[in-house]
Amino acid sequence: MAEPPDIRIGTAEREEAMKRLSDNFAAGRLSVAEFDERSRVVAAAMTRGDLEPVFSDLPAVVLDKPVPATQGLRFGGNLPQRIMPVVPILAVILFFVTHQWWVFLLIPVAGALLFGGGNHERRGRRERRRER
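Residues numbered from 1 in each chain as written. Predicted model: local features only at pLDDT ≥ 70, side-chain atom pairs only at ≥ 80, totals over all residues. Heavy atoms only, no water.

Asker: Where do I start with the packing of aromatic side chains in this structure?
Answerer: Across all of its chains, the model carries three aromatic pairs by this definition. Ring centres of Phe95 and Phe104 lie 5.3 Å apart, and the angle between their planes is 40 degrees; on these two criteria the pair is classed as tilted. Overall, the relative accessible area of 26% leaves Phe95 in the partly exposed class. Classification of Phe104 as partly exposed rests on a relative accessible area of 33%. (Phe/Tyr/Trp six-rings, centres within 6.5 Å; stacked < 30°, edge-to-face > 60°. Buried < 20%, exposed > 50% of the residue type's maximum accessible area, 1.4 Å probe, protein only.)

Structure representation (structure tokens):
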């Protein structure tokens, strides 16, 4: 059952209305002047009835773009980015232990192994952008 329009609203309801108004502005449904005018009405609103005219010609729900799910585990999703800074440190340690200069060649090899196959993800993002 819908509540009567003369019910008073608080700061949380005003902030929710401002967010909804901002989303509609970001979607291009409002001009700058319209947004300014409507945001003043939202800021001064005391009841739910004061907010109704602000959204009367706008869609009820602004659909956000879907957020892609992160792949991998919570802490393991960006594993290559977490491992790569450690590789040069390990190379320096190995250099001092073995006194061999070639251990520094492990740095680009590790980079190629960790990031070499990552183009599939980047390529997929580019293709999705082109489709839009």
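Next comes the rest of the account.
Asker: I'm lost on the environment of Asn24 in this one. Help?
Answerer: In this structure, Asn24 sits in helix 1 (residues 11-26). Placed eleven residues apart in sequence, Asn24 and Phe35 show a C-alpha to C-alpha distance of 9.0 Å. (Helix = DSSP H or I, 4+ residues; strand = E, 2+ residues; numbered from the N terminus.)

Asker: What am I meant to see in the nonpolar core here?
Answerer: Formed by Ile9, Ala17, Leu21, Leu30, Phe35, Val42, Ala45, Leu51, Val54, Phe55 and Leu58, the largest nonpolar core amounts to eleven residues. Only helix 1 and helix 2 (32-44) provide two or more residues apiece to this core. Not counting chain neighbours up to four residues away, the residues in contact with Ala45 comprise Ile9, Arg14, Asp50 and Leu51. (Core = buried A, V, L, I, M, F, W, Y, C linked by side-chain atoms within 4.5 Å. Contact = heavy atoms within 4.5 Å.)

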